[in-house]
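Breakdown of the fold
Listed below, chain by chain, are the residues.
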Amino acid sequence: MSGRLQAKVALVTGAASGIGAAVAAMMAAEGAVAIGADLAAPPGGIVLDVTDEAQWDAGIAGILAAHGRLDILVNNAGIGFSRLVTEMTLAEWRRVQAVNLDSVFLGCRAAFRVMKDQPGGGAIVNVSSILGLVGQPETSAYSAAKGGVTLLTKSLALEAAQNGWPIRVNSVHPAYVQTAMIDQAVARAGDPDRFRRHLERIQPVGRMATPDEIAAGIVFLASDEASFVTGTQLAVDGGMTAR
Ligand code: NAI
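Residues numbered from 1 in each chain as written. Predicted model: local features only at pLDDT ≥ 70, side-chain atom pairs only at ≥ 80, totals over all residues. Heavy atoms only, no water.

1. Some remarks on the packing of helix α3 (residues 90–115) against helix α4 (residues 140–163)
Between two packed helices, the angle of one axis relative to the other and the distance separating the axes together describe the packing. The condition that has to hold: To get an axis, a line is fitted to the C-alpha atoms, and for a helix only the part in contact is used. The angle between two axes follows their N-to-C directions and goes from 0 to 180 degrees. Note on conventions: DSSP H or I runs of at least 4 residues are helices, E runs of at least 2 residues are strands, and numbering of each starts at the N terminus. Small angles under 35 degrees read as roughly parallel and large ones over 145 as roughly antiparallel, with 65 to 115 read as roughly perpendicular and the rest as oblique. For any helix crossing, the convention is left-handed if the near helix is rotated counterclockwise from the far helix by under a right angle, and right-handed if that rotation is clockwise. By the convention used here, residues are in contact when the closest approach between their heavy atoms is within 4.5 Å.
As a packed pair, α3 and α4 sit with axes 8 Å apart at the nearest point and diverge in direction by 15 degrees. Put simply, α3 runs roughly parallel to α4. In this structure, α3 crosses over α4, and the sense of that crossing is right-handed. Contacts between α3 and α4 involve Trp-93, Val-96, Gln-97, Asn-100, Leu-101, Val-104, Phe-105, Cys-108 and Phe-112 on the former and, on the latter, Ser-140, Ala-141, Tyr-142, Ala-144, Ala-145, Lys-146, Gly-148, Val-149, Leu-152, Leu-156 and Ala-160.

2. Examining the pattern of salt bridges
Inclusion rule: Any carboxyl oxygen of Asp or Glu that lies within 4 Å of a side-chain nitrogen of Lys or Arg is treated as forming a salt bridge with it. We call a residue buried when its accessible area falls under 20% of the maximum for its residue type, exposed when it is over 50%, and partly exposed in between, using a 1.4 Å probe and counting protein chains only.
Counted by the stated rule, this structure contains nine salt bridges. When the shortest N-O distance is used, the salt bridge between Arg-109 and Glu-53 registers 2.7 Å. Taken together, the residues span a long stretch of sequence, with Arg-109 in helix α3 and Glu-53 in helix α2 (residues 53–67) at a distance of 56 residues. Glu-213 serves as the salt-bridge partner of Arg-207, at 2.8 Å between the closest nitrogen and oxygen. Overall, the relative accessible area of 39% leaves Arg-207 in the partly exposed class. We classify Glu-213 as partly exposed; its relative accessible area is 33%. Linked by salt bridges that have partners in common, Arg-4, Glu-30 and Glu-225 make up one network.

3. Here's the deal with unusual backbone geometry
Apart from glycine, the bulk of residues carry a negative phi angle, and the bulk of peptide bonds sit in the trans form. Even without being glycine, Ala-7 reaches a positive phi, approximately 70 degrees. Its place among the elements puts Ala-7 in the segment before β1 (9–13). Residue class for Ala-7 comes out exposed when judged on its relative accessible area of 57%. Non-glycine residue Glu-138 carries a positive phi angle of around 70 degrees. Locating Glu-138 in the fold gives a position in the loop between β5 (122–127) and α4. You can call Glu-138 partly exposed: its relative accessible area is 43%.

Structure below.
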């Protein structure tokens, strides 16, 4: 299918790599003006450190100046982090919250301010994780941030509906996806091959997802096909949270 996002203006954070790059490409293929953002600008995109309030203001202002509207925001940028709680510093904890949760608040706030009064409203998709739905040892900081994204999403969906603002807010929850984030975790493991096989085996379908498989769920939620879908959590996880 193509043209599902025809003429929509979309901002995708963390678009230089992995899931974000796949989302930006798929949205462009569906007819959107897809603007990727990252710490270093992706091709045709913008520089936006998602932890920086002033950079959000400047980034959104630039998009409005160039395109006149913002229809879709995908809050995808994030970092992985694993540490025993007894060994975690407060600075590490705060960094994970800043990149993975504060950023989503900043993005949603900026988008709400534009979309609430804009004809046609808008759609926001927040990339959480299965670790925003269930716990796991040694990922407490990451899970706390991603769980925060889950409930931030639900609360903002209800806030939009209550105020009559035509904004849908949903979250996507991938299991393990073949991206740089996973490559780095595998490389850090004592036995990388064994750890990679472990990540594949713990998913009921026996493999990791491709970035495109996650992007497909995000594109659906961002599109008008999901016009009655808000405040939901789409697990794209090979069955991992089904058991
Ligand atoms: P990735 O490491 O391939 O890409 C993440 C991108 O975010 C990078 O381009 C990076 O430069 C960017 N980024 C990091 N900090 C940033 C900041 N402060 N401002 C702007 N951009 C920043 O990772 P991947 O796997 O594509 O992850 C995307 C999202 O999916 C993340 O939120 C991650 O937590 C989530 N996720 C990933 C899973 C996986 O197995 N790969 C599983 C579940 C969720």
